[in-house]
Amino acid sequence: EKLCELPPNMTMIGVNRDQVHIWWAKWIATCCIIIAVISRSVGGFPITDLVLSSVGTLLWLYVSIKWHDRSLIVLNTTMFIILTIGLAKGLIHG
């Protein structure tokens, strides 16, 4: 008998197998947003900040939809639209 056996529906990270993609999405999103903020704070390229913020926000929007969390859906939809406009302006005007 194994000393530490997981239930059949759980992974090593303690997440249900059908929720693993959400776990990965929220952590990748969080890392993108943290790197974007670091880029912004050290005076990095604005396009890097906008791209990473957009990716992170879009992933958090996906997670919030899966969680059925209306406040996070509103927040991340609004942020994604604003960031997309900024990204488009940055690409058009250089």
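Everything below is about the structure printed above this text.
We now turn to the structure provided with this report.

The rules behind these values
- Sequence order as written defines residue numbering, which begins from 1 separately in each chain.
- Only residues with pLDDT of at least 70 get local features here, since the model is predicted, and only at 80 or more are side-chain atom pairs given and counted; chain-wide, interface and lining totals rely on the full set of residues.
- Hydrogens and water molecules were not included; the side-chain quantities draw on all heavy atoms of the structure.
- Here a pair means two rings of Phe, Tyr or Trp (six-membered ring of Trp) with centres within 6.5 Å. Their orientation is stacked below 30 degrees between planes, edge-to-face above 60, and tilted elsewhere.
- Per-residue accessibility, obtained with a 1.4 Å probe over protein chains only, is compared with the maximum for each type, and a residue is labelled buried under 20%, exposed over 50%, and partly exposed between these values.
- Comment: axis = line fitted to C-alpha atoms, over the contacting stretch for helices; angle = value between 0 and 180 degrees taken between N-to-C directions.
- Only DSSP runs of H or I with at least four residues qualify as helices, and only runs of E with at least two residues qualify as strands; both kinds are numbered from the N terminus onward.
- Should an angle lie under 35 degrees it is considered roughly parallel, over 145 roughly antiparallel, and from 65 to 115 roughly perpendicular; all remaining angles are considered oblique.
- Helix crossings are classified by the rotation of the near helix relative to the far one: an anticlockwise turn of less than a right angle makes the crossing left-handed, while a clockwise turn makes it right-handed.
- Note on contacts: a residue pair is in contact if any heavy atoms of the two residues lie within 4.5 Å.
- Nonpolar residues are Ala, Val, Leu, Ile, Met, Phe, Trp, Tyr, Cys and Pro. Charged residues are Asp, Glu, Lys and Arg, and all others, Gly as well, are polar.
- Nonpolar cores are built from buried Ala, Val, Leu, Ile, Met, Phe, Trp, Tyr and Cys residues. Side-chain atoms within 4.5 Å join them into one set.

Quick look at the packing of aromatic side chains now. By the definition in use, this model includes three aromatic pairs. Residues W23 and W24 carry aromatic rings whose centres are separated by 5.0 Å and whose planes lie at 90 degrees to one another, so their mutual orientation is edge-to-face. Under the relative-accessibility criterion, W23 is labelled partly exposed at 22%. When its relative accessible area of 48% is taken as the criterion, W24 is described as partly exposed.

The relative placement of two packed helices is expressed as an angle between their axes plus a distance between the axes. Their axes nearest at 8 Å, the elements helix α2 (residues 46–67) and helix α3 (residues 70–93) cross at an angle of 155 degrees. Taken together, α2 and α3 sit at an angle that is classed as roughly antiparallel. The two elements α2 and α3 meet at a crossing, and its hand is left-handed. Listed contacts from α3 to I47, L50, V51, S53, S54, T57, L58, W60, L61, S64, I65 and W67 of α2 are L72, I73, N76, T77, M79, F80, L83, T84, G86, L87 and L91. For the contact of α2 with α3, the per-class residue count stands at 15 nonpolar, eight polar and no charged.

Before going further, it helps to examine unusual backbone geometry. The phi torsion at H68 lies on the positive side, around 60 degrees, for a residue other than glycine. Assignment of secondary structure puts H68 in the loop between α2 and α3.

Turning next to the nonpolar core. Judged by nonpolar contacts, I22, A25, A29, W60 and V63 together constitute the single largest core of five residues. Of all the secondary-structure elements, those providing two or more residues to this core are α1 (20–41) and α2. In terms of residue count, α1 provides more of this core than any other element does, three residues in total. Every residue in contact with A25, bar those within four places of it in the chain, is listed here: L59, Y62 and V63.

Quick look at the packing of α1 against α2 now. Running from amino to carboxyl end, α1 crosses α2 at an angle of 150 degrees, the nearest separation of the two axes being 8 Å. On the basis of their axis angle, the class for α1 and α2 is roughly antiparallel. The chirality of how α1 crosses α2 is left-handed. Partitioning the contact of α1 with α2 into residue classes produces 15 nonpolar, seven polar and four charged.

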